[in-house]
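# Structural features, examined
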Amino acid sequence: MLQQAGGVQEFTESLAGLKRRKREWVIPPIYFPENHRGPFPNEMVQIKSSHAKETKMIFSITGEGADKPPVGLFTINKTTGWLSVTKPLDRETKDKYVLQAHSIAADGEVKEGPMEIILCVIDQNDNMPIFTQNPFLGSVPEASLKEFEFMTVTATDGDDPETDNADIRYSIISQDPPQPDPHMFAINSITGGIRVNSDGLDRENYPEYTLLIKAADLAGNGLVSTGTAVITVTDSNDHAPQFEKTMYTTSVPENKVGAVVVKLPVTDGDEPQSPAWIAKFRIISGNNGGFFAINTGPNKQEGIITTVKVLQSLIGSLVWSCIAFLNEVPFANPLQTSTATVIVNVQDVNEAPVFDPEEQIISKPEDLEVGTELTVYTATDPDTARVQIVTYRVSSEDPAGWVSVDRDTGLIRVKSSMDRESPFVKDGKYKVLILAVDDGPVPATGTGTLVIELEDVNDNAPVIEEREITVCNKDPVTVLVSVTDKDGPSFAAPFTVELQGESRIHWTARMNESKTGIILALNTALKKGEYSVVLRVFDSGLHFQDNTIRASVHDCAGEELQYMNNYFCLRI
(Lines give C-alpha, C1' and ligand atoms only; values in the text may rest on other atoms or scores of the structure.)
Protein backbone atom coordinates (compact mmCIF):
# COMPACT_ATOMS: atom_id res chain seq x y z
CA MET A 1 0.00 0.00 0.00
CA LEU A 2 1.01 3.72 -0.34
CA GLN A 3 0.89 6.04 2.58
CA GLN A 4 0.99 9.80 1.97
CA ALA A 5 -0.39 12.48 4.31
CA GLY A 6 -2.02 9.84 6.47
CA GLY A 7 -3.49 7.69 3.73
CA VAL A 8 -2.55 4.05 3.29
CA GLN A 9 -2.67 2.06 0.03
CA GLU A 10 -1.64 -1.59 -0.07
CA PHE A 11 -0.36 -3.98 -2.66
CA THR A 12 -3.08 -6.43 -3.62
CA GLU A 13 -2.74 -10.03 -2.51
CA SER A 14 -0.99 -12.39 -4.89
CA LEU A 15 -2.14 -15.81 -5.91
CA ALA A 16 -0.79 -18.99 -4.32
CA GLY A 17 2.94 -19.54 -4.65
CA LEU A 18 4.93 -16.90 -6.52
CA LYS A 19 2.30 -16.12 -9.17
CA ARG A 20 0.96 -12.54 -9.48
CA ARG A 21 -2.57 -11.50 -10.17
CA LYS A 22 -3.72 -8.34 -11.99
CA ARG A 23 -4.28 -5.35 -9.72
CA GLU A 24 -7.88 -4.32 -9.36
CA TRP A 25 -7.32 -0.53 -9.05
CA VAL A 26 -4.98 2.22 -10.21
CA ILE A 27 -3.02 4.36 -7.74
CA PRO A 28 -3.58 8.10 -8.28
CA PRO A 29 -0.53 10.26 -9.18
CA ILE A 30 1.74 11.60 -6.48
CA TYR A 31 2.36 15.39 -6.61
CA PHE A 32 5.58 16.93 -5.37
CA PRO A 33 6.69 20.58 -5.83
CA GLU A 34 9.68 21.57 -7.86
CA ASN A 35 12.55 23.52 -6.27
CA HIS A 36 11.97 21.91 -2.84
CA ARG A 37 14.64 23.10 -0.41
CA GLY A 38 15.10 19.77 1.35
CA PRO A 39 16.74 18.42 3.39
CA PHE A 40 17.58 15.56 1.06
CA PRO A 41 16.84 12.81 0.71
CA ASN A 42 13.29 13.95 1.35
CA GLU A 43 10.58 11.39 2.02
CA MET A 44 7.58 11.75 -0.29
CA VAL A 45 5.40 8.68 0.20
CA GLN A 46 5.46 5.30 1.98
CA ILE A 47 4.69 2.05 0.27
CA LYS A 48 3.26 -0.81 2.42
CA SER A 49 2.29 -4.36 1.79
CA SER A 50 -0.74 -6.17 3.20
CA HIS A 51 1.60 -9.10 3.94
CA ALA A 52 3.81 -7.05 6.21
CA LYS A 53 1.95 -8.39 9.30
CA GLU A 54 2.71 -11.96 8.32
CA THR A 55 6.26 -11.70 7.06
CA LYS A 56 9.03 -9.24 6.52
CA MET A 57 8.76 -7.52 3.09
CA ILE A 58 11.60 -6.07 1.01
CA PHE A 59 10.82 -3.03 -1.19
CA SER A 60 12.52 -1.76 -4.41
CA ILE A 61 11.81 0.60 -7.34
CA THR A 62 12.62 0.65 -11.03
CA GLY A 63 11.99 3.09 -13.86
CA GLU A 64 12.70 6.78 -14.60
CA GLY A 65 14.89 8.36 -11.95
CA ALA A 66 15.53 5.00 -10.29
CA ASP A 67 17.54 2.59 -12.42
CA LYS A 68 16.97 4.62 -15.57
CA PRO A 69 18.21 8.17 -16.28
CA PRO A 70 18.32 10.24 -14.26
CA VAL A 71 19.57 7.32 -12.13
CA GLY A 72 19.41 7.79 -8.37
CA LEU A 73 16.99 10.71 -8.37
CA PHE A 74 14.55 8.56 -6.39
CA THR A 75 15.34 5.95 -3.74
CA ILE A 76 13.26 3.65 -1.51
CA ASN A 77 13.96 2.34 1.96
CA LYS A 78 13.87 -1.42 1.36
CA THR A 79 12.50 -2.21 4.81
CA THR A 80 10.15 0.71 5.53
CA GLY A 81 9.03 1.39 1.93
CA TRP A 82 9.51 5.17 2.17
CA LEU A 83 10.05 6.65 -1.33
CA SER A 84 12.43 9.65 -1.25
CA VAL A 85 13.76 12.26 -3.67
CA THR A 86 17.49 12.96 -3.49
CA LYS A 87 17.64 16.50 -4.92
CA PRO A 88 15.33 19.32 -6.07
CA LEU A 89 13.12 18.64 -9.08
CA ASP A 90 12.75 20.99 -12.07
CA ARG A 91 9.40 20.86 -13.83
CA GLU A 92 10.81 22.63 -16.89
CA THR A 93 13.36 19.81 -17.25
CA LYS A 94 10.85 16.99 -16.69
CA ASP A 95 7.32 17.31 -15.42
CA LYS A 96 6.45 13.63 -14.80
CA TYR A 97 8.19 10.41 -13.79
CA VAL A 98 6.82 6.83 -14.04
CA LEU A 99 8.19 4.31 -11.52
CA GLN A 100 7.49 0.65 -10.69
CA ALA A 101 7.36 -0.34 -7.00
CA HIS A 102 8.18 -3.95 -6.09
CA SER A 103 7.74 -5.93 -2.82
CA ILE A 104 8.85 -9.46 -1.98
CA ALA A 105 8.98 -11.46 1.23
CA ALA A 106 12.38 -11.74 2.83
CA ASP A 107 12.17 -15.54 2.64
CA GLY A 108 11.01 -15.37 -0.97
CA GLU A 109 7.75 -17.15 -0.33
CA VAL A 110 5.51 -14.18 -1.11
CA LYS A 111 5.97 -11.92 -4.13
CA GLU A 112 3.56 -9.16 -5.09
CA GLY A 113 3.03 -7.76 -8.55
CA PRO A 114 4.69 -4.39 -9.41
CA MET A 115 2.78 -1.22 -8.64
CA GLU A 116 2.97 1.75 -11.10
CA ILE A 117 3.69 5.05 -9.42
CA ILE A 118 3.27 8.31 -11.39
CA LEU A 119 5.01 11.29 -9.84
CA CYS A 120 3.95 14.72 -11.13
CA VAL A 121 6.12 17.79 -10.49
CA ILE A 122 4.13 20.77 -9.22
CA ASP A 123 5.01 24.00 -11.06
CA GLN A 124 6.50 26.97 -9.21
CA ASN A 125 6.80 30.47 -10.71
CA ASP A 126 10.54 30.21 -11.24
CA ASN A 127 10.79 31.49 -14.86
CA MET A 128 10.42 35.10 -15.88
CA PRO A 129 9.05 36.01 -19.31
CA ILE A 130 11.63 36.13 -22.13
CA PHE A 131 11.09 38.34 -25.20
CA THR A 132 11.36 36.39 -28.44
CA GLN A 133 13.67 39.06 -29.85
CA ASN A 134 15.24 42.27 -28.64
CA PRO A 135 14.85 44.79 -30.03
CA PHE A 136 11.64 44.43 -32.01
CA LEU A 137 11.73 46.48 -35.21
CA GLY A 138 8.61 48.01 -36.70
CA SER A 139 7.48 50.86 -38.91
CA VAL A 140 4.42 53.05 -39.10
CA PRO A 141 3.39 55.57 -41.80
CA GLU A 142 3.37 59.08 -40.42
CA ALA A 143 -0.16 59.65 -41.71
CA SER A 144 -1.58 56.68 -39.75
CA LEU A 145 -4.81 57.20 -37.84
CA LYS A 146 -5.36 56.47 -34.17
CA GLU A 147 -5.94 52.80 -33.23
CA PHE A 148 -3.91 51.63 -36.24
CA GLU A 149 -2.01 48.51 -35.06
CA PHE A 150 1.24 48.06 -36.95
CA MET A 151 3.46 45.62 -34.99
CA THR A 152 3.43 43.01 -32.21
CA VAL A 153 5.90 42.12 -29.46
CA THR A 154 5.89 38.64 -27.94
CA ALA A 155 7.44 36.93 -24.92
CA THR A 156 7.47 33.33 -23.71
CA ASP A 157 7.49 31.84 -20.19
CA GLY A 158 9.00 28.46 -19.33
CA ASP A 159 6.47 27.74 -16.56
CA ASP A 160 3.34 25.63 -16.88
CA PRO A 161 1.20 27.25 -19.62
CA GLU A 162 -1.93 25.95 -17.85
CA THR A 163 -1.20 28.12 -14.80
CA ASP A 164 -0.93 31.82 -14.05
CA ASN A 165 2.82 31.30 -13.79
CA ALA A 166 2.98 31.62 -17.59
CA ASP A 167 0.14 34.13 -18.05
CA ILE A 168 1.95 37.20 -19.50
CA ARG A 169 0.74 40.81 -19.66
CA TYR A 170 2.45 43.64 -21.59
CA SER A 171 2.75 47.36 -20.85
CA ILE A 172 4.77 50.35 -22.08
CA ILE A 173 7.20 51.76 -19.50
CA SER A 174 8.60 54.69 -21.49
CA GLN A 175 8.73 56.35 -24.91
CA ASP A 176 11.78 58.09 -26.37
CA PRO A 177 11.43 60.81 -27.57
CA PRO A 178 8.36 61.85 -25.58
CA GLN A 179 7.31 64.42 -28.24
CA PRO A 180 4.86 65.46 -29.42
CA ASP A 181 2.89 63.32 -26.96
CA PRO A 182 4.43 60.99 -24.34
CA HIS A 183 1.69 58.49 -25.16
CA MET A 184 1.98 58.30 -28.94
CA PHE A 185 1.58 54.52 -28.77
CA ALA A 186 -0.42 52.00 -26.76
CA ILE A 187 -0.03 48.24 -26.38
CA ASN A 188 -2.58 45.44 -26.12
CA SER A 189 -1.76 43.93 -22.72
CA ILE A 190 -2.70 40.41 -23.81
CA THR A 191 -1.55 40.16 -27.46
CA GLY A 192 1.37 42.63 -27.39
CA GLY A 193 0.01 44.48 -30.43
CA ILE A 194 1.30 48.07 -30.61
CA ARG A 195 -1.00 50.70 -32.09
CA VAL A 196 -1.09 54.45 -32.73
CA ASN A 197 -2.57 56.20 -29.70
CA SER A 198 -2.29 59.87 -30.62
CA ASP A 199 -2.21 62.21 -33.62
CA GLY A 200 0.95 64.02 -34.60
CA LEU A 201 3.35 61.47 -36.10
CA ASP A 202 5.89 63.52 -38.08
CA ARG A 203 8.74 61.74 -39.85
CA GLU A 204 10.51 64.97 -40.67
CA ASN A 205 10.82 65.91 -36.96
CA TYR A 206 10.60 62.59 -35.12
CA PRO A 207 11.70 59.81 -37.51
CA GLU A 208 12.16 57.13 -34.85
CA TYR A 209 10.79 56.08 -31.45
CA THR A 210 12.12 53.62 -28.88
CA LEU A 211 9.62 52.02 -26.49
CA LEU A 212 10.66 50.23 -23.28
CA ILE A 213 8.22 47.30 -22.95
CA LYS A 214 7.48 45.32 -19.75
CA ALA A 215 6.33 41.69 -19.78
CA ALA A 216 5.09 40.27 -16.43
CA ASP A 217 3.70 36.79 -15.65
CA LEU A 218 1.02 35.97 -13.05
CA ALA A 219 -1.29 38.08 -15.27
CA GLY A 220 0.97 41.09 -14.80
CA ASN A 221 1.72 40.64 -11.06
CA GLY A 222 4.62 38.24 -11.15
CA LEU A 223 8.15 38.10 -12.53
CA VAL A 224 9.11 40.93 -14.90
CA SER A 225 11.43 41.34 -17.90
CA THR A 226 11.88 44.27 -20.24
CA GLY A 227 12.54 44.66 -23.95
CA THR A 228 12.59 47.42 -26.52
CA ALA A 229 10.60 48.18 -29.65
CA VAL A 230 12.24 50.48 -32.19
CA ILE A 231 9.64 52.14 -34.40
CA THR A 232 10.59 53.88 -37.65
CA VAL A 233 8.15 56.50 -38.83
CA THR A 234 7.92 56.11 -42.60
CA ASP A 235 7.20 58.93 -44.96
CA SER A 236 3.70 59.78 -46.12
CA ASN A 237 3.04 62.39 -48.74
CA ASP A 238 2.13 65.10 -46.25
CA HIS A 239 4.18 67.94 -47.79
CA ALA A 240 3.11 69.60 -51.01
CA PRO A 241 6.05 70.41 -53.32
CA GLN A 242 6.82 74.12 -53.80
CA PHE A 243 8.34 76.01 -56.73
CA GLU A 244 11.42 78.00 -55.76
CA LYS A 245 10.05 80.86 -57.90
CA THR A 246 6.51 81.45 -59.09
CA MET A 247 7.34 83.60 -62.16
CA TYR A 248 9.84 82.95 -64.97
CA THR A 249 10.60 84.94 -68.14
CA THR A 250 12.66 83.37 -70.93
CA SER A 251 13.34 83.46 -74.69
CA VAL A 252 13.50 80.65 -77.24
CA PRO A 253 14.35 80.62 -80.97
CA GLU A 254 11.44 79.98 -83.29
CA ASN A 255 12.94 77.04 -85.17
CA LYS A 256 14.34 74.84 -82.40
CA VAL A 257 12.38 71.66 -81.74
CA GLY A 258 13.44 69.99 -78.51
CA ALA A 259 15.04 73.18 -77.21
CA VAL A 260 15.08 73.63 -73.43
CA VAL A 261 12.91 76.64 -72.63
CA VAL A 262 13.40 76.77 -68.85
CA LYS A 263 14.14 74.57 -65.83
CA LEU A 264 11.85 74.93 -62.80
CA PRO A 265 13.43 73.73 -59.52
CA VAL A 266 11.16 72.72 -56.64
CA THR A 267 11.51 71.66 -53.01
CA ASP A 268 9.64 68.99 -51.05
CA GLY A 269 9.78 68.25 -47.32
CA ASP A 270 9.14 64.52 -47.75
CA GLU A 271 11.81 61.84 -47.72
CA PRO A 272 14.31 62.35 -50.59
CA GLN A 273 14.06 59.89 -53.49
CA SER A 274 10.76 58.49 -52.18
CA PRO A 275 7.60 58.49 -54.34
CA ALA A 276 6.24 61.19 -52.02
CA TRP A 277 9.24 63.41 -52.89
CA ILE A 278 9.63 62.82 -56.65
CA ALA A 279 7.89 65.59 -58.57
CA LYS A 280 5.55 65.24 -61.56
CA PHE A 281 4.65 68.29 -63.65
CA ARG A 282 1.90 69.33 -66.03
CA ILE A 283 0.99 72.44 -67.99
CA ILE A 284 -2.51 73.44 -66.93
CA SER A 285 -3.01 76.41 -69.27
CA GLY A 286 -1.38 78.49 -72.02
CA ASN A 287 -0.34 75.57 -74.26
CA ASN A 288 -3.33 75.39 -76.59
CA GLY A 289 -1.26 74.67 -79.69
CA GLY A 290 0.68 71.91 -77.96
CA PHE A 291 3.96 73.72 -78.66
CA PHE A 292 5.55 72.84 -75.32
CA ALA A 293 6.08 69.77 -73.14
CA ILE A 294 7.27 69.45 -69.56
CA ASN A 295 9.10 66.50 -68.04
CA THR A 296 10.74 65.73 -64.72
CA GLY A 297 14.49 66.27 -64.75
CA PRO A 298 17.11 63.65 -63.75
CA ASN A 299 17.31 64.93 -60.16
CA LYS A 300 13.52 64.42 -59.78
CA GLN A 301 13.16 67.92 -58.30
CA GLU A 302 12.84 70.09 -61.38
CA GLY A 303 10.52 70.43 -64.33
CA ILE A 304 12.12 70.94 -67.75
CA ILE A 305 10.01 72.68 -70.42
CA THR A 306 10.99 71.92 -74.03
CA THR A 307 9.60 72.83 -77.46
CA VAL A 308 7.88 70.08 -79.43
CA LYS A 309 6.93 72.14 -82.51
CA VAL A 310 8.41 74.96 -84.58
CA LEU A 311 7.25 78.26 -83.06
CA GLN A 312 7.29 80.32 -86.24
CA SER A 313 3.64 81.32 -85.89
CA LEU A 314 4.37 82.71 -82.43
CA ILE A 315 7.27 85.01 -83.37
CA GLY A 316 7.39 88.02 -81.08
CA SER A 317 4.49 86.80 -78.95
CA LEU A 318 4.66 86.47 -75.20
CA VAL A 319 3.42 82.96 -74.58
CA TRP A 320 2.57 82.21 -70.96
CA SER A 321 2.03 78.85 -69.38
CA CYS A 322 0.85 78.03 -65.89
CA ILE A 323 2.61 74.97 -64.46
CA ALA A 324 1.47 72.77 -61.58
CA PHE A 325 2.96 69.64 -60.13
CA LEU A 326 2.22 66.73 -57.83
CA ASN A 327 4.13 63.69 -56.59
CA GLU A 328 4.24 60.13 -57.82
CA VAL A 329 1.83 59.12 -55.03
CA PRO A 330 -1.30 60.97 -53.84
CA PHE A 331 -1.18 63.34 -50.89
CA ALA A 332 -1.87 61.68 -47.53
CA ASN A 333 -4.17 64.59 -46.69
CA PRO A 334 -5.68 67.35 -48.85
CA LEU A 335 -2.89 69.86 -49.68
CA GLN A 336 -2.67 73.01 -51.81
CA THR A 337 -0.60 72.40 -54.96
CA SER A 338 2.02 74.89 -56.08
CA THR A 339 1.93 76.68 -59.45
CA ALA A 340 4.34 78.81 -61.46
CA THR A 341 3.90 81.05 -64.50
CA VAL A 342 6.37 81.00 -67.42
CA ILE A 343 6.45 83.83 -69.97
CA VAL A 344 8.16 82.86 -73.25
CA ASN A 345 9.38 85.36 -75.86
CA VAL A 346 9.72 83.65 -79.28
CA GLN A 347 12.78 84.98 -81.19
CA ASP A 348 12.86 85.31 -84.97
CA VAL A 349 15.74 83.34 -86.55
CA ASN A 350 17.04 83.54 -90.11
CA GLU A 351 16.14 80.10 -91.41
CA ALA A 352 17.72 78.43 -94.39
CA PRO A 353 15.80 78.15 -97.70
CA VAL A 354 13.97 74.86 -98.10
CA PHE A 355 13.96 72.79 -101.29
CA ASP A 356 10.71 71.08 -102.18
CA PRO A 357 11.13 68.24 -102.64
CA GLU A 358 14.25 67.74 -100.58
CA GLU A 359 15.35 65.17 -103.16
CA GLN A 360 14.27 65.67 -106.79
CA ILE A 361 14.55 62.74 -109.20
CA ILE A 362 14.66 63.18 -112.98
CA SER A 363 15.35 60.72 -115.83
CA LYS A 364 17.46 61.79 -118.80
CA PRO A 365 19.39 60.04 -121.61
CA GLU A 366 23.07 59.82 -120.89
CA ASP A 367 24.08 61.33 -124.28
CA LEU A 368 22.45 64.74 -123.89
CA GLU A 369 24.40 67.55 -125.46
CA VAL A 370 26.22 70.09 -123.35
CA GLY A 371 23.94 73.01 -122.53
CA THR A 372 20.75 70.94 -122.52
CA GLU A 373 18.27 71.99 -119.84
CA LEU A 374 17.68 69.27 -117.26
CA THR A 375 15.23 70.82 -114.76
CA VAL A 376 14.44 73.81 -112.58
CA TYR A 377 15.12 73.07 -108.91
CA THR A 378 14.24 75.90 -106.49
CA ALA A 379 13.85 76.55 -102.78
CA THR A 380 11.59 78.83 -100.76
CA ASP A 381 12.57 81.01 -97.79
CA PRO A 382 10.52 80.15 -94.67
CA ASP A 383 11.16 83.62 -93.23
CA THR A 384 7.94 85.11 -94.56
CA ALA A 385 8.31 88.19 -92.38
CA ARG A 386 11.52 89.11 -94.22
CA VAL A 387 12.10 89.99 -97.89
CA GLN A 388 15.20 88.05 -98.90
CA ILE A 389 16.72 86.97 -102.20
CA VAL A 390 17.69 83.35 -102.72
CA THR A 391 20.55 82.40 -105.07
CA TYR A 392 21.75 78.95 -106.22
CA ARG A 393 25.00 77.15 -106.86
CA VAL A 394 26.32 73.64 -107.27
CA SER A 395 28.16 72.31 -104.26
CA SER A 396 31.41 70.40 -104.35
CA GLU A 397 29.29 67.25 -104.33
CA ASP A 398 29.18 67.17 -108.15
CA PRO A 399 32.06 64.72 -108.48
CA ALA A 400 32.01 64.45 -112.28
CA GLY A 401 31.30 68.16 -112.87
CA TRP A 402 28.42 67.38 -115.23
CA VAL A 403 25.89 70.08 -114.29
CA SER A 404 25.59 73.84 -113.79
CA VAL A 405 22.81 75.89 -112.15
CA ASP A 406 21.56 79.36 -112.95
CA ARG A 407 22.32 81.60 -109.95
CA ASP A 408 18.97 83.36 -110.01
CA THR A 409 16.45 80.89 -111.46
CA GLY A 410 17.70 77.47 -110.32
CA LEU A 411 17.70 76.21 -113.94
CA ILE A 412 20.05 73.22 -114.19
CA ARG A 413 21.86 72.40 -117.47
CA VAL A 414 24.33 69.81 -118.75
CA LYS A 415 27.81 71.25 -118.21
CA SER A 416 29.86 68.37 -119.64
CA SER A 417 29.06 65.07 -121.34
CA MET A 418 27.45 62.51 -119.07
CA ASP A 419 28.23 58.79 -119.15
CA ARG A 420 26.05 56.17 -117.49
CA GLU A 421 29.04 53.83 -117.37
CA SER A 422 31.12 56.32 -115.32
CA PRO A 423 32.38 55.17 -111.87
CA PHE A 424 30.55 58.21 -110.42
CA VAL A 425 27.23 56.63 -111.37
CA LYS A 426 25.78 54.16 -108.87
CA ASP A 427 22.95 51.87 -109.98
CA GLY A 428 22.36 54.12 -112.98
CA LYS A 429 21.93 57.24 -110.78
CA TYR A 430 24.09 60.36 -110.49
CA LYS A 431 23.60 62.62 -107.47
CA VAL A 432 24.35 66.34 -107.22
CA LEU A 433 23.97 68.55 -104.14
CA ILE A 434 22.44 71.95 -104.96
CA LEU A 435 22.77 74.91 -102.55
CA ALA A 436 20.24 77.71 -101.97
CA VAL A 437 21.61 80.74 -100.05
CA ASP A 438 19.60 83.73 -98.76
CA ASP A 439 21.02 87.25 -98.37
CA GLY A 440 20.30 87.67 -94.64
CA PRO A 441 22.76 89.48 -92.33
CA VAL A 442 24.07 86.03 -91.56
CA PRO A 443 23.32 84.11 -94.78
CA ALA A 444 21.58 80.78 -94.31
CA THR A 445 22.12 77.90 -96.71
CA GLY A 446 19.70 75.14 -97.59
CA THR A 447 20.51 72.00 -99.56
CA GLY A 448 18.63 69.85 -102.03
CA THR A 449 19.69 66.67 -103.79
CA LEU A 450 19.19 66.28 -107.54
CA VAL A 451 19.14 62.62 -108.60
CA ILE A 452 19.64 62.07 -112.35
CA GLU A 453 18.56 58.64 -113.52
CA LEU A 454 20.67 58.21 -116.64
CA GLU A 455 18.87 56.36 -119.41
CA ASP A 456 21.20 54.00 -121.22
CA VAL A 457 22.07 54.57 -124.91
CA ASN A 458 24.01 52.19 -127.08
CA ASP A 459 27.26 54.12 -126.93
CA ASN A 460 29.61 51.23 -126.13
CA ALA A 461 30.61 48.50 -128.57
CA PRO A 462 31.29 44.91 -127.46
CA VAL A 463 34.87 44.09 -126.48
CA ILE A 464 36.72 40.75 -126.49
CA GLU A 465 38.52 40.40 -123.16
CA GLU A 466 41.25 37.90 -124.24
CA ARG A 467 43.57 39.47 -126.87
CA GLU A 468 46.16 36.64 -127.12
CA ILE A 469 45.63 32.92 -127.75
CA THR A 470 47.88 29.90 -128.40
CA VAL A 471 46.94 27.00 -130.73
CA CYS A 472 48.57 23.95 -132.38
CA ASN A 473 48.66 23.69 -136.17
CA LYS A 474 47.75 19.99 -136.08
CA ASP A 475 44.41 18.81 -134.79
CA PRO A 476 43.90 22.20 -133.10
CA VAL A 477 41.44 22.50 -130.23
CA THR A 478 38.90 25.31 -130.04
CA VAL A 479 39.51 28.42 -127.94
CA LEU A 480 36.77 30.26 -125.98
CA VAL A 481 37.08 34.03 -125.63
CA SER A 482 34.60 36.18 -123.64
CA VAL A 483 32.75 39.30 -124.75
CA THR A 484 31.67 42.26 -122.55
CA ASP A 485 29.75 45.48 -123.12
CA LYS A 486 29.64 48.50 -120.75
CA ASP A 487 26.08 49.29 -121.75
CA GLY A 488 23.08 48.05 -119.85
CA PRO A 489 21.25 44.81 -120.60
CA SER A 490 19.19 46.42 -123.38
CA PHE A 491 22.29 47.03 -125.46
CA ALA A 492 24.54 44.11 -124.56
CA ALA A 493 24.06 40.35 -125.06
CA PRO A 494 23.13 38.37 -127.08
CA PHE A 495 26.23 39.06 -129.19
CA THR A 496 27.02 37.95 -132.76
CA VAL A 497 30.41 37.63 -134.50
CA GLU A 498 31.90 37.81 -138.01
CA LEU A 499 35.49 37.10 -139.14
CA GLN A 500 37.05 39.85 -141.24
CA GLY A 501 39.56 39.79 -144.10
CA GLU A 502 41.98 36.82 -144.44
CA SER A 503 40.87 35.61 -141.05
CA ARG A 504 37.86 34.08 -142.80
CA ILE A 505 40.19 31.72 -144.75
CA HIS A 506 42.05 30.13 -141.85
CA TRP A 507 39.63 30.44 -138.90
CA THR A 508 36.07 29.76 -137.92
CA ALA A 509 34.12 31.66 -135.21
CA ARG A 510 30.74 31.06 -133.64
CA MET A 511 28.94 32.14 -130.45
CA ASN A 512 28.50 29.80 -127.52
CA GLU A 513 25.07 28.90 -126.17
CA SER A 514 24.84 31.94 -123.84
CA LYS A 515 25.82 34.27 -126.69
CA THR A 516 28.42 35.87 -124.44
CA GLY A 517 31.48 33.93 -125.63
CA ILE A 518 33.14 33.22 -129.01
CA ILE A 519 34.34 29.73 -129.91
CA LEU A 520 37.36 30.27 -132.20
CA ALA A 521 39.00 27.41 -134.16
CA LEU A 522 41.93 27.13 -136.62
CA ASN A 523 40.81 25.26 -139.77
CA THR A 524 44.06 25.50 -141.83
CA ALA A 525 47.47 23.99 -140.99
CA LEU A 526 49.34 27.28 -140.73
CA LYS A 527 53.07 27.44 -140.32
CA LYS A 528 54.47 28.20 -136.90
CA GLY A 529 54.25 31.93 -136.29
CA GLU A 530 52.25 34.90 -135.07
CA TYR A 531 48.95 35.77 -136.77
CA SER A 532 46.26 38.43 -136.33
CA VAL A 533 42.63 37.35 -136.21
CA VAL A 534 40.09 40.13 -136.78
CA LEU A 535 36.63 39.58 -135.28
CA ARG A 536 33.69 41.97 -135.75
CA VAL A 537 31.39 41.63 -132.69
CA PHE A 538 27.83 43.01 -132.67
CA ASP A 539 25.64 43.71 -129.60
CA SER A 540 21.87 43.27 -129.48
CA GLY A 541 21.44 46.74 -130.98
CA LEU A 542 23.85 45.86 -133.83
CA HIS A 543 26.42 48.31 -132.54
CA PHE A 544 29.75 46.66 -133.51
CA GLN A 545 33.46 46.94 -133.11
CA ASP A 546 36.37 45.09 -134.77
CA ASN A 547 38.56 43.29 -132.22
CA THR A 548 42.00 41.95 -133.17
CA ILE A 549 43.36 38.86 -131.42
CA ARG A 550 47.02 37.84 -131.59
CA ALA A 551 47.17 34.09 -132.31
CA SER A 552 50.40 32.20 -131.61
CA VAL A 553 50.56 29.03 -133.79
CA HIS A 554 52.92 26.20 -132.77
CA ASP A 555 54.09 22.96 -134.38
CA CYS A 556 52.19 20.57 -132.22
CA ALA A 557 49.05 18.50 -131.99
CA GLY A 558 45.99 19.67 -130.12
CA GLU A 559 46.58 17.29 -127.21
CA GLU A 560 50.15 18.59 -126.74
CA LEU A 561 49.12 22.17 -126.28
CA GLN A 562 48.20 21.70 -122.63
CA TYR A 563 51.66 20.35 -121.83
CA MET A 564 53.31 23.26 -123.64
CA ASN A 565 51.23 25.77 -121.76
CA ASN A 566 52.09 24.11 -118.42
CA TYR A 567 55.80 24.13 -119.29
CA PHE A 568 55.58 27.75 -120.35
CA CYS A 569 53.89 28.69 -117.05
CA LEU A 570 56.57 26.85 -115.03
CA ARG A 571 59.41 28.62 -116.87
CA ILE A 572 57.80 31.96 -116.22
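Residues numbered from 1 in each chain as written. Predicted model: local features only at pLDDT ≥ 70, side-chain atom pairs only at ≥ 80, totals over all residues. Heavy atoms only, no water.

- The name given to the chain in an unreviewed UniProt entry is Cadherin domain-containing protein, with the source organism recorded as Astyanax mexicanus.

### Some points on the sheet that holds strand β9 (residues 96-105)
- Taken together, the 4 strands give an open sheet; going across it, the order is β4-β10-β9-β6, and neighbouring strands pair in mixed fashion. The two strands at the open ends of the sheet, each matched to only one other strand, are β4 (30-33) and β6 (57-63). The average angle at which neighbouring strand axes cross in this sheet is 30 degrees, direction not considered.
- Alignment of β9 against strand β10 (residues 111-122), held across 8 bridges, turns out to be antiparallel. Pairing of Leu99 across the sheet is with Ile117, part of β10. (Pairing = 2+ DSSP bridges. Helix = DSSP H or I, 4+ residues; strand = E, 2+ residues; numbered from the N terminus. Axes fitted to C-alpha atoms, helices over the stretch in contact; angles between N-to-C directions.)

### Observations regarding the side chain of Ser198
- Within the secondary structure, Ser198 sits in the loop between β17 (193-196) and β18 (208-216).
- In terms of polar contacts, Ser198 uses its side chain to reach the side chain of Asp181, at 3.2 Å.
- Setting aside residues up to four positions removed in sequence, Ser198 forms contacts with Lys146, Asp181, His183 and Met184. (Polar contact = N/O pair within 3.5 Å; in protein donor to acceptor, adjacent residues only side chain to side chain. Contact = heavy atoms within 4.5 Å.)

### Some thoughts on the pattern of salt bridges
- One pass over the structure, following the stated rule, counts 13 salt bridges.
- For Arg203, the salt bridge is made with Glu204, and the minimal N-O distance between the two is 2.9 Å.
- On the basis of relative accessibility, which here comes to 15%, the residue Arg203 falls in the buried class.
- Residue Glu204 is classed as partly exposed on the basis of its relative accessible area, which comes to 24%.
- Its salt-bridge partner being Arg203, residue Asp235 comes within 3.3 Å of it at the nearest N-O pair. Separated by 32 residues along the polypeptide, Asp235 in the loop between β19 (224-234) and β20 (242-243) and Arg203 in the loop between β17 and β18 bring together distant segments of the chain. (Salt bridge = Lys/Arg side-chain N within 4 Å of Asp/Glu carboxyl O. Buried < 20%, exposed > 50% of the residue type's maximum accessible area, 1.4 Å probe, protein only.)

### Digging into the sheet that holds strand β29 (residues 359-365)
- Judged by pairing direction, the sheet is mixed, and its 4 strands sit side by side in the order β29-β36-β35-β32 without closing on themselves. For this open sheet the edge positions go to β29 and β32 (391-394), each flanked by a neighbour on one side alone. The mean angle between the axes of side-by-side strands here comes to 30 degrees, regardless of whether they run parallel or antiparallel.
- The pairing of β29 with strand β36 (residues 445-455) spans 7 bridges and is classified as parallel. The partner of Ile361 across the bridge, within β36, is Val451.

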